[in-house]
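Listed below are the residues making up each chain.
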Amino acid sequence: MSEMIHVDNVSKHFTLHNQGSMTIPVFSKINFSLSTGECVALTGESGSGKSTFMRMIYANYICNEGEITIRHQGQDMNIVGADPHEILEIRKRTLGYVSQFLRVIPRVGTLDIVSEPSIALGNSKKDAIEAAKALLTKLRIPERLWNLSPLTFSGGEQQRVNIARGFIAEYPIMLLDEPTASLDAKNRQTVLDLIETAKDRGSAILGIFHDQEARDAVCTRSFDVTQFQST
Ligand SMILES: Nc1ncnc2c1ncn2[C@@H]1O[C@H](COP(=O)(O)OP(=O)(O)OP(=O)(O)O)[C@@H](O)[C@H]1O
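Looking up the protein chain in an unreviewed UniProt entry gives the name Phosphonate C-P lyase system protein PhnL, with the organism given as Kiloniella antarctica. In its Sequence similarities (unreviewed entry) section, the UniProt record describing the protein chain reads: "Belongs to the ABC transporter superfamily."

Set out below in structure tokens:
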């Protein structure tokens, strides 16, 4: 196993500039490490900072202190303070993120949305579309929907499109925010199988799973963020 993410003494608070600069403390000096082939569940009660932690690793939120090192193309990169171009490159090749909600450009069809990360990696459009079709079939998205924008799809369909888009590029590191939240039993099992396959090929996975059974099925260990909560 080799280390893919190293979080070193990271602290985070939010400052609410439009509410008298009030400060909301979240973490103090959090330390964490994630290696290839692991699937780690972030745990802690609602509001303890699981999503915040994940967004800091994805560089959506800044850290107030500490370093987050990502293994990218054989090099250790500190994502805290990386320039936007480096962050985009890390996201393109190394760090996948499946959020709970689909955020897409209106009027772009589902096949194009799902195949886009694979094309960005340099695969041919034909191969990427074939891979997208295979994933959408596996995730039971009916073929009649493939050319439509997913914005009008049901919650569960949108989540599955998000998952297909997240898994197509076979990222070395994957961040999963409640990947099974609005799915029925069959689709939930399909997503768990995709996670198992990703683990087997050596992806390092960090997830938030409120679904305890899903967590027990795929996670190799848990990491409780409450232990680093600041007050
Ligand atoms: N953008 C933001 N601006 C201000 N405060 C925020 C922001 N995002 C999160 N917080 C605060 O940080 C704390 C942690 O929130 P976070 O969403 O990370 O928790 P969580 O453990 O993921 O919760 P849940 O399980 O309910 O999704 C909360 O007190 C929340 O209000």
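Still to come is the rest of the account.
Applying the stated criterion across every chain yields a total of seven aromatic pairs. Here the aromatic rings of F32 and F53 are separated by 5.6 Å at their centres, their planes lie at 85°, and the arrangement is edge-to-face. You can see F32 sitting in strand β2 (residues 22-35) and its partner F53 sitting in helix α1 (residues 50-57), a full 21 residues away along the chain. Across this residue pair, the class does not change: F32 and F53 are buried. One aromatic cluster is present, built from ring pairs that chain together F27, F32, F53, F223 and F228. When the ring centre of F14 is taken as origin, the NZ or CZ atom of K12, which lies over that ring, is 4.7 Å away.

If you trace the backbone, C63 turns up in the loop between α1 and β4 (65-72). Once the C-alpha coordinates of C63 and S118 are considered, the two residues, 55 residues apart in sequence, prove to be 30 Å apart. Setting aside its immediate chain neighbours within four residues, C63 contacts V10, S11, M56, I68 and V80.

Within this numbering scheme, the UniProt entry marks residues 5-226 as carrying the feature "domain: ABC transporter" (unreviewed entry). Secondary structure content for residues 5-226 is 36% helix and 27% strand, while the C-alpha to C-alpha distance between its ends is 20 Å.

Moving on, we get to the sheet that holds strand β1 (residues 3-16). Strand order across the open sheet formed by four strands is β2-β1-β4-β5, with antiparallel pairing between neighbours. Where the open sheet ends on each side, the last strands, each with one partner, are β2 and β5 (75-78). Going across the sheet, the axis of each strand differs from the next one's by a mean of 25°, ignoring polarity. Bridge analysis of β1 against β2 gives ten bridges, and the strand direction is antiparallel. Bridging from a neighbouring strand, I5 pairs with L34 of β2. This element, α1, spans β1, β2 and β4 of the sheet and lies at about 115° to β1. With respect to the sheet, helix α2 (residues 84-93) is in contact with β4 and β5, its orientation differing from that of β4 by roughly 45°.

What follows covers the nonpolar core. In this structure, I163, F167, I195 and F209 are the most contacted members of the largest nonpolar core, which totals 36 residues. Broken down by secondary-structure element, the contributors of at least two residues to this core are β3 (39-43), α3 (110-120), α4 (125-138), α5 (155-167), β7 (173-177), α6 (185-200) and α7 (212-218). Top element by residues in this core is α6. It accounts for five residues. When neighbours within four sequence positions are excluded, I195 is seen to be in contact with C39, F167, L176, P179, I205, F209 and V218. Counting residues in each nonpolar core, the second largest holds 34 residues, with F27, L42, M56 and I68 among its members.

This part covers the site of the ligand. Taken together, 13 residues sit near the ligand, with S46, G47, K50, S51 and T52 positioned nearest. Within the contact set of the ligand, a nitrogen atom lies 3.3 Å away from a side-chain nitrogen or oxygen of Y61. Protein chains bury 66% of the 640 Å² of accessible surface belonging to the ligand in isolation. Among the elements that make up the shell around the ligand, the one with the highest residue count is α1 (three residues). Of the residues belonging to the shell around the ligand, the class tally is four nonpolar, seven polar and two charged.

This part covers the packing of α3 against α4. Where α3 meets α4, the closest approach of the two axes is 8 Å, and the angle between their N-to-C directions is 120°. The angle between α3 and α4 places the two elements in the oblique class. Crossing angle aside, the handedness with which α3 passes α4 is right-handed. Every residue of α4 that contacts α3 at T110, L111, D112, V114, S115, S118 and I119 is listed here: K125, A128, I129, A132, K133 and L136. For the contact of α3 with α4, a count of residues per class yields seven nonpolar, three polar and three charged.

How each quantity is defined
Residues numbered from 1 in each chain as written. Predicted model: local features only at pLDDT ≥ 70, side-chain atom pairs only at ≥ 80, totals over all residues. Heavy atoms only, no water. UniProt positions renumbered as here; feature names shortened; annotations may be inferred. Phe/Tyr/Trp six-rings, centres within 6.5 Å; stacked < 30°, edge-to-face > 60°. Helix = DSSP H or I, 4+ residues; strand = E, 2+ residues; numbered from the N terminus. Buried < 20%, exposed > 50% of the residue type's maximum accessible area, 1.4 Å probe, protein only. Lys NZ or Arg CZ within 6 Å of the ring centre and 35° of its normal. Contact = heavy atoms within 4.5 Å. Pairing = 2+ DSSP bridges. Axes fitted to C-alpha atoms, helices over the stretch in contact; angles between N-to-C directions. Core = buried A, V, L, I, M, F, W, Y, C linked by side-chain atoms within 4.5 Å. Near = heavy atom within 4 Å. Polar contact = N/O pair within 3.5 Å; in protein donor to acceptor, adjacent residues only side chain to side chain. Areas by Shrake-Rupley, 256 points an atom, 1.4 Å probe, with all protein chains shown as cover. Nonpolar A, V, L, I, M, F, W, Y, C, P; charged D, E, K, R; others polar. Parallel < 35°, antiparallel > 145°, perpendicular 65-115°, else oblique. Left-handed = near helix turned anticlockwise from the far one by under 90°.

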